[in-house]
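In case you want the letters, here they are:
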Amino acid sequence: MPSASNPATPSHLFRQEVLALHAYHVPPAAGLVKLDAMENPYPLPPHLREEIARLVADTAINRYPDPEARSLKEKIRAVTGLAEDTQVLVGNGSDEIIQLLALALARPGATLLSVDPSFVMYRMIATFTGMRYVGVPLTENFDLDLPATLDAIRHHQPALVFLAYPNNPSGNLFDAEAVTKIIMAAPGLVVVDEAYYAFARSSFIPVLSQHPNLLVMRTFSKLGMAGLRLGFLAGHRMWLEQLEKLRLPYNTGVLAQGVAEKLLQHHDVLLQQAAQIKRDRTWLYERLVGTADVRPYQSEANFILFRAMHANAVFAGLKQRGILIKNLNGAHPLLADCLRVTVGTREENERFVVALQESLHVAQASSGGNQPLSSV
Ligand SMILES: *Cc1c(COP(=O)(O)O)cnc(C)c1O
């Protein structure tokens with residue numbers, strides 16, 4: 001036990017789950033072309049920036065924000081096209097909503113189930129909220145393994161299932177029928193995480209009312225508001241009422257609420273940027289298809305996952321050339337040799353493609369030749 005001569009240390013005091021965690025690592029990006037975090041690369045048009053400046057100047061920052069974010073929620077309902085019977089909960093980023101759900105459902109022995117590889121926060125938050133985490137492996141093309149997922153649901157009876165749609169880090173949309181079967185088989189809540197909805201062809205928002213245990217989560221981070229930290233959860237009042245009790249009353253600040261509301265009034269601006277990103281995604285995908293020793297995966301998000309020969313060396317080579325992407329090699333067996341690049345501006349993408357080709361070339365020359373690209 002700690003005492004005056006034997007002072008307290010974290011290992012005396014902290015929960016084992018916390019001690020065992022590795023902090024979510026965000027690498028420094030100063031001076032680099034930042035293509036690692038699925039941010040929208042475009043600034044806002046000048047007229048909108050001026051409107052925001054006025055709005056910020058007029059905001060009463062001495063007052064607490066509206067704890068229910070009523071005005072922002074109305075805008076969210078309008079741009080999302082939510083049905084009357086659907087409720088909205090607003091979070092400080094959707095990460096906070098994942099945490100809220102896990103905190104609420106972490107009864108002793110409760111399980112959070114997702115698929116692997118997927119968004120790392122599902123596992124991390126399950127761990128520190130004391131939930132058991134079950135990750136069902138995807139197929140080698142990152143599709144749902146429906147029989148294995150249904151088996152795992154039967155066996156583990158998860159209180160909470162997370163499915164990222166499109167998935168991160170693979171970028172694909174899972175088969176919607178398979179997702180529906182999972183929703184219908186799950187004994188608990190199923191959250192479809194639509195962080196990349198602005199870049200995808202399909203959504204579960206239209207079928208929310210058909211599935212009482214379905215919740216759809218979205219964030220505005222990937223649409224161009226990563227710095228504001230705003231996400232929301234949509235679903236049946238019965239669930240959201242309980243979650244509201246856990247939400248800290250002022251979880252979203254007055255500036256975030258006000259600026260997000262303003263941006264949603266100009267949703268078209270953000271959607272046009274998203275449309276440009278989708279066109280550039282196609283351009284980038286084609287360049288990657290045409291690059292020797294690289295195999296890209298088709299994406300419905302604002303990033304592309306690809307396998308590259310000598311992935312670690314290529315990642316380092318890109319960084320040396322001023323470009324930061326995400327190295328996923330080693331993060332999961334299915335991600336051997338995988339790198340993930342966010343779609344940037346046309347100029348950033350062009351710089352990336354050139355730097356990638358140089359890095360591949362150097363990596364090969366210094367390794368003395370090619371090994372076959374991992375086939376997993
Ligand atoms: C980026 C991301 C989030 C988190 O978004 P924030 O709202 O910025 O916290 C959630 N889910 C997935 C799948 C993501 O990729």
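About the criteria used
Residues numbered from 1 in each chain as written. Predicted model: local features only at pLDDT ≥ 70, side-chain atom pairs only at ≥ 80, totals over all residues. Heavy atoms only, no water. Patch = residues over 30% accessible without salt bridge, like charges linked within 9 Å, V, L, I, M, F, W, Y side chains within 5 Å. Areas by Shrake-Rupley, 256 points an atom, 1.4 Å probe, with all protein chains shown as cover. Salt bridge = Lys/Arg side-chain N within 4 Å of Asp/Glu carboxyl O. Helix = DSSP H or I, 4+ residues; strand = E, 2+ residues; numbered from the N terminus. Pairing = 2+ DSSP bridges. Axes fitted to C-alpha atoms, helices over the stretch in contact; angles between N-to-C directions. Contact = heavy atoms within 4.5 Å. Buried < 20%, exposed > 50% of the residue type's maximum accessible area, 1.4 Å probe, protein only.

S.K.: Talk me through a nonpolar patch on the surface; I want residue IDs and the actual numbers.
M.R.: A contiguous nonpolar patch, built from L13, F14, V18 and L19 and spanning about 360 Å² of accessible area, is present on the exposed surface. Take F14: it is sitting in the loop between α1 (10–13) and α2 (16–20).

S.K.: Go over the sheet that holds strand β3 (residues 111–116), please, and point to the residues and values.
M.R.: Overall, mixed pairing links the seven strands, which are arranged β2-β8-β7-β6-β5-β3-β4 in an open sheet. Strands at the two margins of the open sheet, each flanked by one partner only, are β2 (86–91) and β4 (132–137). Going across the sheet, the axis of each strand differs from the next one's by a mean of 25°, ignoring polarity. Across the sheet, helix α5 (residues 94–105) lies against β2, β5 (160–164), β6 (189–193), β7 (214–219) and β8 (231–236), angled at about 150° from β7, the strand it touches most. Along the sheet face, helix α10 (residues 237–246) touches β2, β6, β7 and β8 and points at about 135° away from the line of β8.

S.K.: Which residues make up the pattern of salt bridges, and what are the values?
M.R.: Throughout the structure, instances matching the rule amount to 15 salt bridges. Of the charged contacts in the structure, one is a salt bridge between R229 and D95, with a shortest N-O distance of 3.9 Å. Here R229, found in the loop between α9 (221–225) and β8, pairs with D95, found in helix α5; they are 134 residues apart in sequence, far enough to count as distant. With relative accessibility at 29%, the residue R229 sits in the partly exposed group. For D151, the salt bridge goes to R154, with nearest N and O atoms at 2.6 Å. Highlighted residues: D151 and R154, both in helix α7 (residues 146–156), separated by three residues, approximately one helical turn. Overall, D151 belongs to the partly exposed group, its relative accessible area being 44%.

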